[in-house]
Amino acid sequence: MTAGAHTETGRGVAVDVQSVSHAYSIEGAPLPVLDNISLRVEPGEFVSCLGPSGCGKSTLLRLLAGLETPSRGSLLSGSARITGPHPSRILAFQDATLFPWATVWQNVAAGPTARNELRGSRQRIDEAIAQVGLSGFERAYPHQLSGGMAQRAALARALVNDPSVLLLDEPFGKLDSFTRMALQDDLRALWEEKRFTGILVTHDVEEAILLSERVLVFSDRPARLLREFRIDLGNDRERTSRKVVKLRGEILSALNLGHRGKKREAA
Amino acid sequence: MSSAVADVETGAALSVARRAEAFWNTGLLAGLAWLATALVTYVLPDVVPWGSTMLFAVLCAAVALALLALVPGIRLLPQRIAAKLRHYGPWLLALGLWLLFWEFTTAKTGWLPKPFFSPPQGLIQVYVADGQRLLICIAYTARLWLLGFFSGIAVGYVIGLALGWSRSFAYWGMPLLKLIGPVPASAWIPVTFYFFPSTFQASIFIVALSCGIPVAILTASGVGAINKAYYEVARTMGAGTSYLIRHIAIPASLPHVFVGLFMGLYYSFAVLVVAEMLGAKYGLGWYIQFQTAYSAYANVYATLVIMALICAGLVKALFTVRGRLLRWQQGFIA
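Values in this document were obtained by computation on a predicted structure and should not be read as measured data. (Residues numbered from 1 in each chain as written. Chains lettered and ligands numbered in written order. Predicted model: local features only at pLDDT ≥ 70, side-chain atom pairs only at ≥ 80, totals over all residues. Heavy atoms only, no water.)

Peer 1: Would you mind going over the packing of helix H5 (residues 120-165) of chain B against helix H13 (residues 297-325) of chain B with me for this structure?
Peer 2: Residues and elements named next belong to chain B. At a closest axis distance of 9 Å, the pairing of H5 and H13 adopts a crossing angle of 50°. Taken together, the axes of H5 and H13 are oblique relative to one another. With respect to the hand of their crossing, H5 and H13 are arranged in right-handed fashion. Between H5 and H13, the contacting residues are Gly122, Leu123, Val126, Tyr127, Asp130, Leu134, Ile138 and Trp145 on the first element and Ala298, Asn299, Tyr301, Ala302, Thr303, Val305, Ile306, Ile310 and Leu314 on the second. Across the contact of H5 with H13, the residue classes tally to 13 nonpolar, 3 polar and 1 charged. (Axes fitted to C-alpha atoms, helices over the stretch in contact; angles between N-to-C directions. Helix = DSSP H or I, 4+ residues; strand = E, 2+ residues; numbered from the N terminus. Parallel < 35°, antiparallel > 145°, perpendicular 65-115°, else oblique. Left-handed = near helix turned anticlockwise from the far one by under 90°. Contact = heavy atoms within 4.5 Å. Nonpolar A, V, L, I, M, F, W, Y, C, P; charged D, E, K, R; others polar.)

Peer 1: I keep staring at the domain arrangement of chain B and nothing clicks. Help me out?
Peer 2: Interfaces are frequently sized by the accessible area removed from exposure as the parts join. Residues and elements named next belong to chain B. Taken domain by domain, chain B consists of domain 1 (11-108) and domain 2 (120-325). Taking the mean C-alpha position of each, domain 1 and domain 2 sit 37 Å from one another. Contact between domain 1 and domain 2 buries roughly 790 Å² in total, counting both sides, with carbon and sulfur atoms accounting for 71%. Of all residues in domain 1, the largest losses of buried area upon contact with domain 2 belong to Trp50, Ser52 and Trp102, amounting jointly to 54% of the total for that side. (Domains from an automatic or database assignment. Buried area = accessible area lost by both parts, 1.4 Å probe.)

Peer 1: Hey, could you run me through helix H6 (residues 147-159) of chain A in this one?
Peer 2: Think of an α-helix as 3.6 residues a turn; residues three or four steps apart then line up on the same face. Over its 13 residues, H6 of chain A runs 18 Å from end to end, which matches the ideal 18 Å to within 8%, given 1.5 Å per residue. Among the residues of H6 of chain A, those classed as buried are Gly148, Met149, Ala150, Gln151, Arg152, Ala153, Ala154, Leu155, Ala156, Arg157, Ala158 and Leu159 of chain A. (Expected span 1.5 Å × (residues − 1). Buried < 20%, exposed > 50% of the residue type's maximum accessible area, 1.4 Å probe, protein only.)

Peer 1: What exactly am I supposed to notice about the pattern of salt bridges here?
Peer 2: A side chain of one charge can pair with a side chain of the opposite charge when the charged atoms of the two come close. Residues and elements named next belong to chain A. Per the counting criterion, the structure on display carries 18 salt bridges over all chains. Residues Glu42 and Arg40 are paired through a salt bridge, measuring 3.0 Å at the closest nitrogen-oxygen approach. Its relative accessible area of 38% is what places Glu42 among the partly exposed residues. In this structure, a network of salt bridges that share partners links the residues Asp16, Arg40 and Glu42. (Salt bridge = Lys/Arg side-chain N within 4 Å of Asp/Glu carboxyl O.)

Peer 1: Sorry if this is basic, but what is going on with the sheet that holds strand S8 (residues 197-201) of chain A here?
Peer 2: The pairing of strands in a sheet comes from backbone hydrogen bonds and takes either a parallel or an antiparallel form. All names here are of chain A. The strand order across the open sheet built from 6 strands is S6-S7-S8-S3-S9-S10, with neighbouring strands paired in mixed fashion. Looking at which strands have only one partner, the edges of the open sheet turn out to be strand S6 (89-92) and strand S10 (225-230). Averaged over all neighbouring strand pairs, the angle between strand axes comes to 15°, with direction disregarded. Where S6 meets strand S7 (residues 165-169), 4 bridges bridge the pair, whose relative direction is parallel. Counted as the bridge partner of Arg89 is Val165 from S7. (Pairing = 2+ DSSP bridges.)

Peer 1: Is there a simple way to explain the pairing of strand S1 (residues 15-26) of chain A in this structure?
Peer 2: Each regular strand displays side chains that alternate between the two surfaces of the sheet. All names here are of chain A. Bridge count between S1 and strand S2 (residues 29-41): 9 bridges; the pairing is antiparallel. Directly across from Ala23, in S2, lies its bridge partner Pro32. Adjacent in sequence and paired antiparallel, S1 and S2 are bridged by 2 residues, among which Glu27 carries a positive phi angle near 50°.

Peer 1: I tried to follow the packing of helix H9 (residues 228-236) of chain B against helix H10 (residues 241-270) of chain B on my own but got confused; where do I start?
Peer 2: How two helices pack is summed up by the angle between their axes together with the distance between the axes. All names here are of chain B. Remark: H9 packs on H10, axes separated minimally by 11 Å, with the N-to-C direction vectors making an angle of 140°. Here H9 runs over H10; the crossing is right-handed. Residue-level inspection shows Tyr230, Tyr231, Ala234 and Arg235 of H9 in contact with H10, the latter providing Tyr243, Leu244, Ile248 and Ala249.

Peer 1: Help me understand the interface of chain A and chain B in this model?
Peer 2: Each partner contributes residues to the interface: chain A has 25 residues there, and chain B has 21 residues. Across the interface of chain A and chain B, roughly 2,100 Å² is buried in total on both sides, 67% from carbon and sulfur atoms. Ranking the residues of chain A by area buried against chain B places Phe99, Trp101 and His143 of chain A at the top, with a combined share of 33%. Applying the counting rule to chain A against chain B returns 1 salt bridge. Residue Glu232 of chain B is joined to Arg62 of chain A by a salt bridge in which the shortest nitrogen-to-oxygen separation is 2.6 Å. Across the chain A-chain B interface, the total number found is 5 residue pairs in polar contact (both at pLDDT 80 or more). The element best represented in the side of chain A that touches chain B is helix H4 (residues 110-114) of chain A, accounting for 4 residues. The class makeup of the residues in the side of chain A that touches chain B is 14 nonpolar, 7 polar and 4 charged. (Polar contact = N/O pair within 3.5 Å; in protein donor to acceptor, adjacent residues only side chain to side chain.)

Peer 1: Explanation requested: the packing of aromatic side chains in the structure shown.
Peer 2: To describe a pair of aromatic rings, you give the distance between the ring centres and the angle between the ring planes. By the definition in use, this model includes 24 aromatic pairs over all chains. Pairing Phe99 of chain A with Tyr230 of chain B gives two aromatic rings, centres 5.7 Å apart and planes at 75°, and the pair type is edge-to-face. A residue pair is termed interchain when its members come from two chains, as with Phe99 of chain A in the loop between S6 and helix H3 (104-108) and Tyr230 of chain B in helix H9. Side by side, Phe99 of chain A and Tyr230 of chain B carry an identical accessibility label, which is buried. Here the aromatic rings of Tyr171 of chain B and Trp172 of chain B are separated by 5.0 Å at their centres, their planes lie at 90°, and the arrangement is edge-to-face. Using a relative accessible area of 57% as the deciding quantity, one classes Tyr171 of chain B as exposed. Taking relative accessible area as the criterion, Trp172 of chain B reaches 62% and is therefore assigned exposed. In textbook terms, an aromatic cluster arises when at least three aromatic residues are bridged by ring pairs, as seen for Tyr140, Tyr282, Trp286, Tyr287, Phe290 and Tyr294 of chain B. Its end group placed over the ring of Trp50 of chain B, Lys114 of chain B keeps NZ or CZ at 4.5 Å from the ring centre. Above the face of the Phe200 of chain B ring, Arg143 of chain B is positioned so that its terminal group lies 4.2 Å from the ring centre. (Phe/Tyr/Trp six-rings, centres within 6.5 Å; stacked < 30°, edge-to-face > 60°. Lys NZ or Arg CZ within 6 Å of the ring centre and 35° of its normal.)

Here's what the structure looks like:
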């Protein structure tokens with residue numbers, strides 16, 4: 001089990017979504033949330049998913065994490081079919097979901113503890129905490145942390161497992177904008193260093209542009225893939241650069257939000 | 001400028017507060033109340049002789065003198081103890097007045113007659129005359145309670161975890177638990193007589209049942225109330241069932257479990273009288289029944305006071321344990 005985990009962790013692997021449809025059953029009636037989605041994420045690529053609220057993007061992440069199985073179609077991580085959760089694919093939620101009864105260190109150590117690998121992982125845990133800038137807070141409890149610090153701890157808890165795929169479900173959605181910007185920069189730096197495959201669900205177009213190589217735009221529920229934007233910015237990612245602003249306008253119009261923005265500008 | 005005014009104002013407020021603290025006014029009132037009780041006890045004649053009247057008067061006078069000495073002397077005490085005394089000042093006053101009322105309506109006027117009511121010295125007389133037997137009873141009850149309470153909460157906790165964790169266990173278990181829950185302890189006596197080889201074991205079972213049920217129900221609801229996202233986070237990181245139970249279900253349900261433990265503690269005390277109906281030769285519950293049969297209500301009240309004090313001490317101890325284990329909850333630290 002642990003040997004298998006190691007062959008799959010580390011650098012990013014490709015993720016394939018093949019004709020996936022998914023429906024929830026709400027009081028017996030089917031509620032379709034994903035409609036025939038096919039996409040491929042290259043090894044070490046960072047992709048963002050944008051779309052209207054509740055369109056099913058988070059469901060896609062839950063399927064990729066293996067927390068649910070799709071109604072139709074299949075999902076692959078590398079060449080292996082995703083049938084259940086695996087520590088090589090870590091999902092980070094909008095709420096930090098830190099265990100409130102455990103200290104920051106114990107929270108970050110959760111993965112290694114769960115896999116009985118704690119003995120050899122202590123240094124890695126300390127490093128992960130240092131990487132997200134939480135050194136000195138190892139013994140703090142979650143309720144003593146600010147929202148930004150809690151998300152940092154959650155990020156460390158994910159990264160300590162050295163995932164090959166990191167699934168991020170609006171991880172910065174509840175943070176104030178300054179904290180969010182700082183964390184976006186940090187996440188970008190961590191990705192450049194580790195090159196895991198990143199899939200981010202977000203409602204923040206700027207965040208999607210700054211962090212990813214590709215932005216996927218989904219329709220309203222049931223989600224279909226509408227358009228994709230390649231973000232050829234390399235490492236030159238300034239929030240205020242003209243390229244970023246232009247891309248932002250294009251993506252907003254793809255989401256049918258651009259028009260309203262123009263009207264406001266005219267007024 | 002305005003901040004300077006504010007400084008002067010807070011300074012004035014502080015000095016007023018300090019003056020108020022220099023003398024312990026509540027202590028003065030409390031001391032007078034206790035002194036009045038002592039005087040009434042000593043000066044007025046008893047309607048019926050109770051014994052220990054002098055002892056009660058002396059005790060009240062001693063408390064009164066201590067309180068009066070503390071009125072100016074509270075400054076000399078360590079900060080922590082002084083603060084605690086000030087906090088309980090109104091209670092000390094109320095207690096003094098209550099004793100005065102109690103003494104007056106029972107021993108001095110007989111408005112509340114013997115044998116249904118007993119004056120304070122009646123209780124003291126019980127401790128003086130029957131102290132040794134009461135000590136033995138305390139020891140017997142302690143043995144029964146410790147065995148019953150700890151086996152009860154242990155079994156109740158395990159059952160509660162299983163009910164909260166396993167859907168099929170909950171399907172069969174919850175309705176049974178809800179049926180058993182309201183059955184009064186005395187209704188179990190015939191069955192326990194049949195199933196347990198000794199009456200002592202039957203008594204342990206009744207105490208265990210009384211505290212095991214609330215612990216089981218609250219543990220189950222605590223486990224059921226856990227945010228499912230915690231399990232999902234752990235599962236994506238490779239956690240198996242044993243991790244989910246040991247590192248999530250158990251710590252996350254702990255706040256509920258403590259509510260169950262507090263309820264269990266009270267129920268287990270309430271049920272002691274019934275548990276010691278079963279052929280016990282000593283024990284506080286047994287003592288209460290025995291004395292009730294002889295209409296010796298002073299003895300009953302004196303025993304109830306002992307039980308209440310022991311129970312209060314255990315509640316306090318449980319609060320300390322809870323504070324330790326639930327340190328991580330908001331409000332317990334910083």
